[in-house]
Amino acid sequence: MAYVGLIYNIFLTALEMNLDSILQARRKATSIAIAGIFVPMALGAMIYHYYSQNFPTKSHPELALFNTPMAYLICSLALSVTSFPVLAQILSDLKIVYTQLGRVALKAATISDFYNWVMFVLLIPYAIHSERATLSILSTLVFGLFCYFALRPLLDKLLVEKTNPNEWDNYKLSYVIIGVFACAAVTELLGTHSLVGALGFGLIFPRGRFTELLMEKSDDLVSGYLAPLFFAGCGVRFGFKGLASNLVPVIVTVLLLCTTKIISTVIATRFYGMPFRDGVALGALMNTKGFLPLIILNLAHDKKIVSVEGYSTMVLSFLFMTLAVSPIINYIYKPIKRFEQNKQRTVQNLKAGAATRVLVCFHNTRQATGMTSILEACNGINVSPLNVFAVQLVELKGRATNILAVHHDQTSSHQSQEDFESFVNVFTEYASSHDRTSVETLTAVSPYGTIHKDIYSLADDKQASLILLPFHKQSSAEGTLEIVNITFKEINQSVVQDAPCSLGIFVDRGLGLPSKINWSVAMIFIGGPDDREALAIAWRMSRHPRIQLSMVRVLLFGKAAEADTSARSESRGLFSTVIDNDQQKELDEDYVNLFRLMAVHNEDSISYAEKEVHSGDDIPKVLTELDQGDYDLYVLGQGKGRNSQVMSQLLEWTDCPELGVLGDMLASNSFGSRSSLLVVQQYGFGGMGIRSNNTQASNMELSKDEDLESPFVKAQ
């Protein structure tokens, strides 16, 4: 049963391989992969010699091949392996797929994994059938060509063209099972190995919706039940007694085996100018092992090519290599600490002329189109350049590997080609019509429960000043907001809690295409850091020639102006300091006065008005009055940190606290508004439940010049 599960597992592994990315790989990743294969094989000769001299196999004198080059060939081949699925899972858990280290590691591991299997096909016959190895290899190559040119078109016709994209067909599964084990049987008879047939069948298997369903439905059975049987078999072969009696040479051998990949990777990365620290981290990642090295060792053990002691030492080293990767990366690379850098990632505090870097997240093409409308509004005349990073959020299902890849390199197995091309075209067309706009399209594939960490990581890596998220509801034909996926709400709330820069949640009620923009925008200002950030974004929008901006300042009096002392403990930011209420008001006055001086008095397209609120009942009245102005878009702050007792009480009754009090009212179907919303949270001070730390209060002091920086570039 373990062997049956192993064959099917190798078939699924082949389905994950992307040959296009291997063939189109850049020189850097290819060089690192090749160095990680051949240098360990060369160093393995010295390690093998040391092991043979210091660890004699007196208990197994019948092993005639143990001290021959055949054993060295087997052991060095197993040592050179890098497991792409295991490495990708580690990168996913550490949330460093987005970094340069993660991208290089994924590429190098993909290439290394493929070449390791090629070497397995070419070298294993010489180890187990040395007398007819060449004939076995040639006949296997002929069988592979037959599968590609004859079997592949037939499978494409049976499994792709005749399969409903949204349905699972159990009858089609019979073709898969028969094909996998038939190909495995043929290659076993030809003298290579049954796993070669399973691998080849997976490589020629047509990709499509049926393949995705196959991987999803097979994962529980194979990974949950059959694969553990294989590892249990490895444990049965393991010999503790021989290791315990020769402990010193075993420890030395394990350490030497673990360092060969690191040494080879460091040497290769130095030629490309990578820091030594990154070279060591990459070498540790390339040390990850999976099924293939254990398969090779089990084969050598069963064919009596290596002894029990030799087998046990190699297995112990592989286990240590894989388990040590995460602690090594956390210690050397320290990815978690990257979030502590650049504590002023806001639109308000951008220097004049600095590019505005926006991370745009979406789940489908409709949301992507709506996001381009917001980008167009922020891309007016004489504003700073706009760097857009468009990220499609895709849920990781089944056994598919977590990847975050630039689209021109590879696409996710969870995306259809139509979806991929559709949203890429949306942003490509937008960027082509703007000279000072650059767009990079990416895909984040991760479980929805942790995908917010990928958003953090990518925003931090791209040094974004703003994250744009889609609301979990979208407008229906009747004009009401309907839930698309309740999980999207949970993702938004998770991102809001710890975002590494400012963010905005976009409630799209049908703004239209960017080319047809002609909007009336209302910015509602009550006070606080979120509102100042929202005003900075609205100020930038006002530079667009086809946007009319109306700033409405809501002034709190009486009971509405009473401070909520309990809210003060929640007004914490990254600096763990409560901003004094008077200081907040002073910052609000300064920024509003600057806006009125520089914008309202100099631009015909900008107006300013004030509304008074004396109690909580006045807030819906003010919003109802504003909504009669038939605005296309509201821009407002999320509002955490206002220290208003009325606002705190109203927040407890909101259905969507990530939108704040005003945003929740305006987004409610019962309110009856037809306007879209952009709800903004400023990084560092506002927001929901931003974590606190013990940074001293002195770190929080802001430069007044930075606070009052103009959010757009002056014409030269």
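Treat the numbers as computed from the prediction; the structure is a model and nothing was measured.

The helix and strand inventory of the chain stands at 26 helices and 13 strands. Across the chain, the fraction of contacts at a sequence separation of at least 24, relative to all contacts at a separation of at least 6, is 83%. As displayed, the chain offers around 30,000 Å² of accessible surface, 56% of which is attributable to carbon and sulfur atoms.

Let us look at the pairing of strand 5 (residues 466-470). With 5 of 5 residues buried, strand 5 lies mostly within the body of the structure. Where strand 1 (residues 356-362) meets strand 5, 3 bridges bridge the pair, whose relative direction is parallel. Note that in strand 5 the partner of valine 358 across the bridge is leucine 466. In terms of strand pairing, strand 5 meets strand 8 (residues 502-507) through 5 bridges, oriented parallel. Counterpart to leucine 466 in the pairing with strand 8 is serine 502.

This next bit is on a nonpolar patch on the surface. Together, Ile34, Phe38, Tyr115, Val118 and Leu122 line one region of the surface with nonpolar side chains, adding up to about 400 Å² of accessible area. Those elements that place two or more of their residues in the nonpolar patch are helix 3 (27-54) and helix 6 (100-128). Ranked by the residues each element gives to the nonpolar patch, the list is headed by helix 6, at 3 residues. Inspection of the secondary structure puts tyrosine 115 in helix 6.

On to the packing of aromatic side chains. All told, the structure shown has 17 aromatic pairs when counted by the stated rule. Between tyrosine 148 and phenylalanine 149 the ring centres are 5.1 Å apart and the planes differ by 85°, which places this aromatic pair in the edge-to-face class. Between phenylalanine 231 and phenylalanine 291, the ring centres sit 5.1 Å apart and the planes meet at 35°, which makes this aromatic pair tilted. Of the two residues, phenylalanine 231 sits in helix 10 (residues 209-237) while phenylalanine 291 sits in helix 14 (residues 291-302), which places them 60 residues apart along the sequence. Of the aromatic side chains, those joined through ring pairs into one cluster are Tyr8, Phe11, Phe201 and Phe205.

Moving on, we get to the nonpolar core. Soluble globular proteins tend to bury their nonpolar side chains together. By size, the foremost hydrophobic cluster in this structure holds 85 residues, and its most contacted members are Leu285, Leu359, Ile455, Ile467, Ile524 and Tyr634. It is helix 6 that contributes the most residues to this core, 7 residues altogether. When neighbours within four sequence positions are excluded, isoleucine 455 is seen to be in contact with Leu359, Cys361, Leu393, Ile467, Leu469, Ile491 and Val495.

As a further point, take the pattern of salt bridges. Tallying each qualifying case throughout the model produces 8 salt bridges. With a shortest N-O distance of 3.8 Å, arginine 277 and aspartate 278 are connected by a salt bridge. With relative accessibility at 11%, the residue aspartate 278 sits in the buried group. The partner of aspartate 460 in a salt bridge is arginine 345, with the nearest N and O atoms 3.4 Å apart. With aspartate 460 in helix 18 (residues 451-461) and arginine 345 in the loop between helix 15 (308-332) and strand 1, this residue pair connects regions lying 115 residues apart in the sequence. Across the pair, exposure class does not vary: aspartate 460 and arginine 345 are buried alike.

Right, let's talk about the side chain of asparagine 379 for a bit. The topology assignment puts asparagine 379 in the loop between helix 16 (365-377) and strand 2 (386-395). Here asparagine 379 falls in the buried class, since its relative accessible area comes to 12%. With residues near it in sequence (within four places) discarded, asparagine 379 still touches Leu386, Tyr430, His434, Thr437 and His544.

Burial within strand 10 (residues 547-556) is extensive, with 7 of its 10 residues counted as buried. As defined by bridge partners, strand 9 (residues 519-525) adjoins strand 10 across 7 bridges and the pair is classed as parallel. Residue methionine 523 lies in a different strand from strand 10, and its bridge partner there is methionine 551. In this fold, the crossover linking strand 9 to strand 10 by way of helix 20 (residues 529-541) has right-handed handedness. Judged from the 8 bridges that link them, strand 10 and strand 11 (residues 606-613) form a sheet pairing that is parallel. In the sheet register, methionine 551 faces strand 11, and the bridge partner there is tyrosine 608.

Turning our attention to helix 10. Counted at 1.5 Å a residue, the expected span for helix 10 with its 29 residues is 42 Å, and the 40 Å between its end C-alpha atoms agrees. Taken as a whole, helix 10 carries its principal kink of about 45° at serine 218.

Within the secondary structure layout, lysine 28 lies in helix 3. Aspartate 278 provides the closest opposite charge to the buried, unpaired lysine 28, separated from it by 7.9 Å. Residues within four places of lysine 28 in sequence aside, it is in contact with Gln100, Val104, Tyr272 and Met274.

Here we come to unusual backbone geometry. A negative phi angle characterises most non-glycine residues, just as the trans form characterises most peptide bonds. Although it is not a glycine, glutamine 463 sits at a positive phi angle of roughly 55°. Note that glutamine 463 resides in the loop between helix 18 and strand 5. Taking the relative accessible area as the measure of exposure, glutamine 463 reaches 46% and is therefore partly exposed.

Packing of helix 6 against helix 14 leaves a shortest axis separation of 12 Å and a crossing angle of 0°. When the axis of helix 6 is compared with that of helix 14, the two are roughly parallel. Across the interface between the two elements, Asn116, Trp117, Phe120, Ile124 and Ile128 from helix 6 touch Leu292, Ile295, Ile296 and Leu299 from helix 14. Considered class by class, the residues forming the contact of helix 6 with helix 14 number 8 nonpolar, 1 polar and no charged.

Rules used in this analysis
The numbering scheme is per chain: residues are counted from 1 as the chain's sequence reads. With pLDDT at 70 or above as the cut-off, local features in this predicted model cover only qualifying residues; side-chain atom pairs require 80 or more to be listed or tallied, and sums for whole chains, interfaces and linings still use all residues. Water and hydrogen atoms were dropped before computing side-chain values, which therefore reflect all heavy atoms in the structure. Numbering of helices and strands runs from the N terminus; a helix is a DSSP stretch of H or I covering at least four residues, while a strand is a stretch of E covering at least two. Contacts are assigned to residue pairs that have any heavy atoms within 4.5 Å of one another. For every accessible area listed, the method is Shrake-Rupley and the probe measures 1.4 Å; residues are considered covered only by the protein chains on display. With a 1.4 Å probe rolled over the protein chains alone, any residue whose accessible area is under 20% of its type maximum counts as buried; one over 50% counts as exposed, and the rest are partly exposed. What makes two strands pair is DSSP finding at least two bridges between them. To count toward a patch, a residue needs a relative accessible area over 30% and no salt bridge; like charges are then connected within 9 Å, while nonpolar side chains (Val, Leu, Ile, Met, Phe, Trp, Tyr) are connected within 5 Å. What makes a salt bridge here is a side-chain nitrogen of Lys or Arg within 4 Å of a carboxyl oxygen of Asp or Glu, nothing more. Side-chain rings of Phe, Tyr and Trp, where Trp is taken by its six-membered ring, are said to pair if the distance between their centres is within 6.5 Å; with planes under 30 degrees apart they count as stacked, over 60 as edge-to-face, and otherwise as tilted. Note on terminology: a nonpolar core comprises buried Ala, Val, Leu, Ile, Met, Phe, Trp, Tyr and Cys residues joined through side-chain atoms within 4.5 Å. A clockwise course of the path from the first strand over the helix to the second, judged with the strands pointing away from the viewer, identifies a crossover as right-handed. One less than the residue count of a helix, multiplied by 1.5 Å, gives the span that helix is expected to have. Here the bend at each residue means the angle between axes fitted to two seven-residue stretches, the one ending at that residue and the one beginning there. When charges are tallied, Lys and Arg are placed among the positive residues and Asp and Glu among the negative ones, while His and the ends of the chain are skipped. Every axis corresponds to a line fitted to the C-alpha atoms, with the helix fit spanning only the stretch in contact, and the corresponding angles, defined between N-to-C directions, vary from 0 to 180 degrees. Roughly parallel here means an angle under 35 degrees, roughly antiparallel means over 145, roughly perpendicular means 65 to 115, and every remaining angle is called oblique. Each residue gets one of three labels, nonpolar for Ala, Val, Leu, Ile, Met, Phe, Trp, Tyr, Cys and Pro, charged for Asp, Glu, Lys and Arg, and polar for the others, Gly among them.

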